[in-house]
Amino acid sequence: MVNLEWYRTFKSVYKNGNFSLAAKELFISQPAVSQQIAMLEAHVGYTLFNRKSKGVEPTEYAKLLNNLIIDALDRLENVENGFRAKAFNANRLLSIGVSKHLMSCFGASLVAKFDFIDFTFGTNEELFNLVNSKKLDFAIVTKQYDTFDTLQQKVGAIKQIVVATPDIQIQELNAKIIAEDWTAVENWLNEQRWYSHDSGIPHIKLFWLHVFNKKRPAIVANYIIPSENEMLSIMAQNTGVTIVWDCNAKTKIQNNELQLVWDSPKMPETTVFLLSGKNDHLTTITQEVASVLKEVLW
């Protein structure tokens, strides 16, 4: 019967020219290396190595055997290493950082794909620093970083849109948007009951800057709820208007819990990136995580 460990040991001894070095490479004892080579020599019927004072020298039979087995053994080891990496990737605990405002966009899809995930909330900078210091496997961010130790790939784009509860009549607003009567559109929006995830109303300010070319909207949010997902859930049970990432509102719009008020072409998209550390063991799983995010966003 063929014993693959004999050939693995033979390859290491042939490459290193030394039993001790082969033992270190294979994480076994030197006597175990000597025993396996002796058993292989008995199996093939030829002496494979001549012992020297500072190692061993392959015989002509060893050179022939090496030529015959090296390609097959390399392929087998590649298959074995690939299988180990996949098994490791499939069962390990993943640590993924994401903004708490984007958790509802990606959380459910990631949980459906992977068995073990430890989520961390943070800002773009906080999540980047955690990945860069190898305290997180991955981070989902909306900013591009120039770094040597961290890999980054685009997985899609999100955009701020205006949404409202179904009880609000928007026909008048739609007519004003079609007529490009921006003053009337702004006045209509100013009259609504507003929700925001932050007292600084960052989404509202950014929307007003791009759409109305104004830095300071004349809006004071009625309700500040520091999570977009929770804010939308509460708003859907009451009445009001807000500006949120489109991916957060998508399901509620589809379920008629909310209605799309305005997706302005003047509002630019924001690119979403997946950050990961340089780790060969994570190469396959990085692509799997990226694939999940792309399915959500494209």
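Residues numbered from 1 in each chain as written. Predicted model: local features only at pLDDT ≥ 70, side-chain atom pairs only at ≥ 80, totals over all residues. Heavy atoms only, no water.

### Side note on the sheet that holds strand S7 (residues 160-164)
Strand order in the open sheet formed by three strands is S10-S7-S11, with antiparallel pairing between adjacent strands. Two strands lie at the open edges of the sheet, namely strand S10 (241-245) and strand S11 (259-262), each paired on one side alone. Sheet twist, expressed as the mean angle between neighbouring strand axes with direction ignored, is 45°. Sheet topology places S7 next to S10; five bridges connect them, and they run antiparallel. Directly across from Ala 164, in S10, lies its bridge partner Val 241. Packed onto the sheet, helix H10 (residues 228-236) meets S7 and S10 and runs at close to 145° relative to S10. (Pairing = 2+ DSSP bridges. Helix = DSSP H or I, 4+ residues; strand = E, 2+ residues; numbered from the N terminus. Axes fitted to C-alpha atoms, helices over the stretch in contact; angles between N-to-C directions. Contact = heavy atoms within 4.5 Å.)

### Overview of the state of the cysteines
All told, the structure shown has one disulfide when counted by the stated rule. A disulfide bridge connects Cys 105 with Cys 247, and the sulfur atoms are separated by 1.9 Å. Given an S-S torsion of about 70°, the disulfide between Cys 105 and Cys 247 has right-handed geometry. A residue pair is termed long-range when its members are at least 10 positions apart, and Cys 105 in helix H5 (residues 103-113) and Cys 247 in helix H11 (residues 246-254) qualify at 142 residues. Here Cys 105 matches Cys 247 in class, with each residue buried. (Disulfide = S-S within 2.5 Å. Buried < 20%, exposed > 50% of the residue type's maximum accessible area, 1.4 Å probe, protein only.)

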